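# Coordinates in review
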Amino acid sequence: MLRASAISYSYGSMLAVDRVDLTARPGRVLGVIGPNGSGKSTVLRCLFHGLTPDSGEVSIEGRPLSSLSARDIARLLAVVVQENVGESTLDVAEMVLLGRTVRLSGFRSTTAADHEAAAEALERVGATHLAQRPLAELSGGEKQRVLIARALAQGTSYLLLDEPTNHLDIRYQHEVLALLRGLAGDLGAAVVVVLHDLNLAAAYCDDLVLLEQGRMVAQGTVDEVLDPAVVQRVYGIATERLDRDGELHLLFRSVGAASTAGDLS
Ligand SMILES: Nc1ncnc2c1ncn2[C@@H]1O[C@H](COP(=O)(O)OP(=O)(O)OP(=O)(O)O)[C@@H](O)[C@H]1O
């Protein structure tokens, strides 16, 4: 389990995350949702000590992250955050291989098995054809898929992703989230994913944490958290919920429309 207990983080005097608790469990996809500026990325960064919480603790399999080396953490946990790779001189295959080298101790070089794992990861995100392309020349969506492949190549049991569907076309938004679901469901990985799109969260997450102004205002299963009254209050937009063929969907009323056409219900 990856567990955050009462973590807080401030940028200077700005309290961005206020005593948040969450638990990512093997075999489950945990979505972190909330409006812009609610602290989602800051929480995610605290979960891998990209930012060290000012107070509270993050532990993985019962061990505080603060007691682990960077290499120990890289063997347990892979991360996909928004990265500027525009200046990189690496090609795609080299970039994905970095997911393997981050696991290695200083004196070992990559083996055929590492190259195989990297090639398999590229295939899983549908990017084998990009292998020899310079990273800096890729489109936003292509880069995003390569960063996800690098994380997959790391072969960890915990995967943390900040808006992995950013830049992806509609098909790849679903493909990538289905892939994450598969990693959790088939391989028992624990996945934590920051998402803006509440319908994607509904379709692919098991559990959700809803943040508002740095505080956790709801947590539980998708069914429990995506309560229209809560969504409407936190996001300030009229919401109707449809449960169809076992799938939950949220419909949003255009801003301004609800006041003229009456509340959705
Ligand atoms: N480097 C920084 N310096 C100062 N304040 C920051 C910094 N990064 C984030 N913040 C502030 O911390 C708060 C939380 O930001 P964070 O990026 O975690 O929110 P978010 O929910 O991920 O937002 P978004 O949905 O817009 O990506 C915001 O008010 C933001 O302005």
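The rules behind these values
Residue positions are given per chain, counted from 1 along the sequence in the order it is written. Per-residue local features are limited, in this predicted model, to residues with pLDDT of at least 70; the limit for side-chain atom pairs, both in listing and counting, is 80 or more; totals at the level of whole chains, interfaces and linings are taken over all residues. Helix and strand assignments come from DSSP, with helices taken as H or I runs of at least 4 residues and strands as E runs of at least 2, each series counted from the N terminus. The size measure is the radius of gyration over C-alpha atoms, and the globule rule it meets is 2.2 Å times the number of residues to the 0.38 power. Exposure is read from a count of other C-beta atoms within 10 Å of each residue's own; the residue is exposed at 12 or fewer, buried at 20 or more and partly exposed in between. C-beta atoms are placed from the backbone. Remark: residues whose backbone-derived C-beta atoms lie within 7 Å of one another are considered to be in contact. Nearness is defined per residue: the C-beta atom, placed using the backbone, must lie within 6 Å of the molecule or strand. Following the grouping adopted for this structure description, the nonpolar residues are Ala, Val, Leu, Ile, Met, Phe, Trp, Tyr, Cys and Pro, the charged ones are Asp, Glu, Lys and Arg, and the polar ones are all others, Gly among them. Here a strand pair is declared whenever DSSP counts at least two bridges between the two strands. A set of buried residues drawn from Ala, Val, Leu, Ile, Met, Phe, Trp, Tyr and Cys, joined through C-beta atoms within 7 Å, is what defines a nonpolar core. Under this scheme, a helix contributes an axis fitted over its contacting stretch, all axes are lines through C-alpha atoms, and angles between N-to-C directions fall in the 0 to 180 degree range. Oblique is the label for every angle not falling under 35 degrees (roughly parallel), over 145 degrees (roughly antiparallel), or within 65 to 115 degrees (roughly perpendicular). Crossing handedness follows the turn of the near helix against the far one: under a right angle anticlockwise gives a left-handed crossing, and clockwise gives a right-handed one.

The protein chain appears in an unreviewed UniProt entry as Iron complex transport system ATP-binding protein from Marihabitans asiaticum.

Another aspect to go through is the overall build of the protein chain. A tally of regular secondary structure across the protein chain gives 10 helices and 12 strands. Against the globule reference of 18 Å for 265 residues, the protein chain gives a C-alpha radius of gyration of 19 Å, in line with a compact fold. Judged by the C-alpha coordinates and their principal axes, the protein chain covers about 65 × 40 × 35 Å. Buried residues in the protein chain amount to 38% of all 265 residues. When contacts within the protein chain are restricted to residue pairs at least 6 apart in sequence, those whose partners lie at least 24 apart make up 64%.

If you check the shell around the ligand, you find Tyr11, Met14, Ala16, Gly34, Asn36, Gly37, Ser38, Gly39, Lys40, Ser41 and Thr42 and nothing else. Of all the elements in the fold, those that place two or more residues in the shell around the ligand are strand E2 (14-24) and helix H1 (40-47). Within the shell around the ligand, the residues separate by chemical class into 3 nonpolar, 7 polar and 1 charged.

A few words on the sheet that holds strand E5 (residues 63-64). Reading across from one edge, E2-E1-E4-E5 is the order of the 4 strands in this open sheet, with antiparallel pairing throughout. Here the strands that pair on one side only, and so sit at the sheet edges, are E2 and E5. As defined by bridge partners, strand E1 (residues 2-11) adjoins E2 across 7 bridges and the pair is classed as antiparallel. Of the residues in E2, the one forming a bridge with Arg3 is Thr23.

Ranked by internal contacts, the top residues of the largest apolar core, which has 75 residues, are Leu47, Val96, Val146, Ala149, Leu160 and Val191. For this core, the element with the highest residue contribution is helix H5 (residues 140-153), accounting for 7 residues. Setting aside residues no more than four positions away along its own chain, Val191 makes contact with Val29, Leu30, Leu159, Leu180, Leu183 and Ala184.

Attention shifts here to the packing of helix H4 (residues 112-124) against H5. Axis separation between H4 and H5 bottoms out at 8 Å; the angle between their running directions is 135°. As far as their axial angle goes, H5 and H4 are oblique. Relative to H5, H4 is oriented so that their crossing is right-handed. Where H4 abuts H5, its residues Ala117, Ala118, Ala121, Leu122 and Arg124 lie against Ala149, Leu152 and Ala153.

Attention now moves to unusual backbone geometry. Positioned with a positive phi, Glu163 is a non-glycine residue whose angle comes to about 45°. Its location among the elements puts Glu163 in the loop between strand E7 (158-162) and helix H6 (170-187). In this structure, Asp245 takes a positive phi of about 50° despite not being glycine. For Asp245, the location among the structural elements is in the loop between strand E11 (239-244) and strand E12 (247-252).

Burial of H1 is extensive: 7 of the 8 residues sit out of reach of the surface. Taken together, the buried positions of H1 are occupied by Lys40, Thr42, Val43, Leu44, Arg45, Cys46 and Leu47. Among the residues trailing H1, His49 stands out with phi positive, at a value near 60°.

This part takes up the sheet that holds strand E3 (residues 29-33). Pairing is mixed across the open sheet formed by 6 strands, whose spatial order is E6-E7-E8-E3-E9-E10. Edge positions in the sheet fall to strand E6 (77-80) and strand E10 (215-221), since each of these pairs with one other strand and no more. Taken pair by pair, the neighbouring strands of this sheet meet at an average axis angle of 15°, ignoring direction. Two elements, E3 and strand E8 (residues 190-194), share 4 bridges in a ladder whose sense is parallel. Its bridge partner lying in E8, Leu30 is registered against Val192.

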